[in-house]
Amino acid sequence: HLPIIYAITPTYARAVQKAELTRLSHTMMLVPNLHWVIVEDAESPSTLVSNLLKNSGITYTHLTAATPQEWKLPGKQGEQWKKPRGVLQRNTALQWLRNNLNADQDQGIIYFADDDNSYSLELFEEMRDTQVVSVWPVGLVGGIMVEKPLLNPKTGRVTGWNSVWSPNRPFPVDMAGFAINLGHFLRHPEAKFSFEAPRGHQESVILGHLTTRAQLEPKADNCTKVYVWHTRTEIPNLKYEEKLIKRGERTDE
Ligand code: UDP
Ligand code: MN
């Protein structure tokens with residue numbers, strides 16, 4: 001039988017949240033043997049997320065972990081971070097896996113699925129037989145069309161990445177570009193994200209605990225196919241919403 005994919009999604013309240021999660025849930029519904037671990041950046045579970053999960057029919061775990069206010073900087077939405085986004089939420093999900101699953105019994109794969117990316121169904125089948133850590137290309141990230149692992153054509157092993165932004169990171173790969181074998185993760189209790197890491201180094205922090213470059217398993221036709229895109233949703237123009245609210249005509253739910 002198929003190993004279970006534990007897809008970990010941090011999410012936070014904003015105007016587009018319901019749209020993002022609706023789209024993502026419709027992808028998740030089409031993936032067999034998937035367990036969605038969704039972690040709200042909030043003190044307590046919202047009715048929006050609770051209802052969406054309940055109505056989806058997906059197997060899920062609904063957690064919360066609020067980012068402390070002092071980790072956020074004042075400023076424009078989307079640029080207000082002095083600590084990396086989603087770190088506390090992803091670590092909360094990882095701790096849930098450690099508390100609830102067993103390396104000897106549970107066959108699974110861990111994948112970090114942000115709520116705004118775009119996922120092809122092929123991606124989930126590619127990652128499903130990950131033995132330690134698998135990697136593949138990610139579209140629309142790092143200032144280029146496709147950021148991808150480079151392979152030695154003779155051995156087929158990963159030799160590096162084509163990354164241009166911060167290429168000297170130990171693993172210059174986006175969060176969407178790798179998956180981890182669950183048993184391997186559970187056997188490495190030190191593996192988690194760090195709040196101290198410099199920008200863009202979260203992936204390197206966790207992967208450094210778990211694997212080496214040479215050990216990586218390339219997927220997606222030797223890293224020639226793109227099955228996930230680091231799309232980002234534009235902040236909507238809501239300049240008349242206040243007027244509607246004053247008129248008593250606000251229609252969101
Ligand atoms: N996120 C969160 N709290 C925040 C900001 C972001 O939980 O205050 C989540 C967000 O929903 C997403 C992930 O963290 O699933 C990464 O955030 P984002 O997509 O904004 O990061 P970027 O695309 O810029 O890497
Ligand atoms: Mn994003």
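From a predicted model like this one, the values you see are computed outputs, not experimental measurements. In every chain, residue numbers begin from 1 and rise along the written sequence. Chain A is the first chain written and ligand 1 is the first ligand written, with later ones labelled in order. It should be noted that, the model being predicted, local features are given only for residues of pLDDT at least 70 and side-chain atom pairs only at 80 or more, the latter also being counted only at that level, while totals for whole chains, interfaces and linings use all residues.

1. Structural notes on the overall build of the protein
Then, in step 1: On a plain count of helices and strands, the protein comes out with eight helices and 13 strands.
Then, in step 2: Against the compact-globule benchmark of 18 Å for 253 residues, the protein has a radius of gyration of 19 Å, which places it among compact chains.
Then, in step 3: In terms of overall dimensions, the protein has a C-alpha envelope of 70 × 40 × 35 Å along the principal axes. Helix numbering and strand numbering both begin at the N terminus, where a helix is a DSSP run of H or I of at least 4 residues and a strand a DSSP run of E of at least 2. To get the radius of gyration, use the C-alpha atoms; to get the globule rule, take the number of residues to the power 0.38 and multiply by 2.2 Å.

2. Examining the pairing of strand β1 (residues 4-11)
Then, in step 1: Burial is judged by counting other C-beta atoms within 10 Å of a residue's own C-beta: 20 or more means buried, 12 or fewer means exposed, and anything between counts as partly exposed, with every C-beta placed from the backbone. Buried residues dominate β1, accounting for seven of its eight residues.
Then, in step 2: One ladder, built from five bridges, connects β1 with strand β4 (residues 108-112); its direction is parallel. By the bridge assignment for β4, Ile4 is matched with Gly108.
Then, in step 3: For two strands to be treated as a pair, DSSP must find no fewer than two bridges joining them. Direction of pairing for β1 relative to strand β2 (residues 34-40): parallel, over a ladder of seven bridges. If you follow Ala7 over to β2, its bridge partner there is Trp36.
Then, in step 4: The handedness of a crossover follows from its direction of travel: if, with the strands pointing away from the viewer, the path from the first strand over the helix to the second runs clockwise, the crossover is right-handed. In this fold, β1 hands off to helix α1 (residues 17-28), which returns the chain to β2; that crossover is right-handed.

3. Observations concerning the environment of Thr212
Then, in step 1: The topology assignment puts Thr212 in the loop between α6 (202-210) and β12 (217-218).
Then, in step 2: Residues Thr212 and Val158, spaced 54 residues apart in sequence, show a C-alpha to C-alpha distance of 9.8 Å.

4. Here we look at the UniProt feature "site: Interaction with galactose moiety of substrate glycoprotein" (unreviewed entry) in the protein
Then, in step 1: UniProt positions are given in the numbering used here, feature names are shortened, and annotations may be inferred rather than shown by experiment. Cross-referencing UniProt, the feature "site: Interaction with galactose moiety of substrate glycoprotein" (unreviewed entry) maps to Glu147 in the present numbering.
Then, in step 2: Mapped onto the fold, Glu147 is located in strand β8 (residues 144-147).
Then, in step 3: By definition, residue pairs are in contact when their C-beta atoms, positioned from the backbone, come within 7 Å. Ignoring sequence-local partners within four residues, the contact set of Glu147 consists of Pro137, Val138, Val141, Gly142, Trp161, Asn162, Ser163 and Asp174.

5. Here's the deal with the nonpolar core
Then, in step 1: Ranked by internal contacts, the top residues of the largest apolar core, which has 55 residues, are Ala7, Ile8, Ile110 and Tyr111.
Then, in step 2: Counting residues per element, this core draws most heavily on β2, at five residues. We define a nonpolar core as a collection of buried residues of the types Ala, Val, Leu, Ile, Met, Phe, Trp, Tyr and Cys that are connected via C-beta atoms lying within 7 Å of each other.

6. Some remarks on the site of ligand 1
Then, in step 1: Taken together, 13 residues lie around ligand 1, and Pro10, Tyr12, Asp41, Gly86 and Asp114 are the ones closest in.
Then, in step 2: Per-element accounting of the shell around ligand 1 gives the leading share, three residues, to β1.
Then, in step 3: Three categories are distinguished: nonpolar for Ala, Val, Leu, Ile, Met, Phe, Trp, Tyr, Cys and Pro, charged for Asp, Glu, Lys and Arg, and polar for the others, with Gly belonging to the last. Here the residues of the shell around ligand 1 sort into two nonpolar, five polar and six charged. We call a residue near a molecule or strand when the C-beta position, derived from backbone atoms, sits within 6 Å of it.

7. Notes on the pairing of β8
Then, in step 1: Here three bridges tie strand β7 (residues 138-141) to β8, and the two strands are oriented antiparallel to one another. Its bridge partner being in β8, Val138 is matched across the sheet by Glu147.
Then, in step 2: Linkage of β7 to β8, two consecutive antiparallel strands, is achieved through a turn of two residues, within which Gly142 is found at a positive phi near 65°.

8. A look at unusual backbone geometry
Then, in step 1: In this model, Ser166 sits at a positive phi of 45°, which is unusual for a non-glycine residue.
Then, in step 2: Mapped onto the secondary structure, Ser166 falls in the loop between β10 (158-161) and β11 (178-181).
Then, in step 3: In this structure, Asp221 takes a positive phi of about 55° despite not being glycine.
Then, in step 4: Relative to the helices and strands, Asp221 is located in helix α7 (residues 220-223).
Then, in step 5: The class of Asp221 is exposed, set by 12 C-beta atoms lying within 10 Å.

9. A word on helix α2 (residues 47-56)
Then, in step 1: Taken together, the buried positions of α2 are Val49, Leu52 and Leu53. Buried residues of α2, viewed axially, fall in a sector of 95°; they line one side. The outward face of α2, more than 90 degrees from its buried face, is lined by the exposed residues Thr47, Ser50, Asn51, Lys54 and Asn55.
Then, in step 2: Packed against the buried residues of α2 are β1, α1, β2 and β3 (59-64).
Then, in step 3: At the exit of α2 stands Gly57, carrying a positive phi of roughly 80°. Working note: the arc is built from the helix axis to C-beta atom directions.

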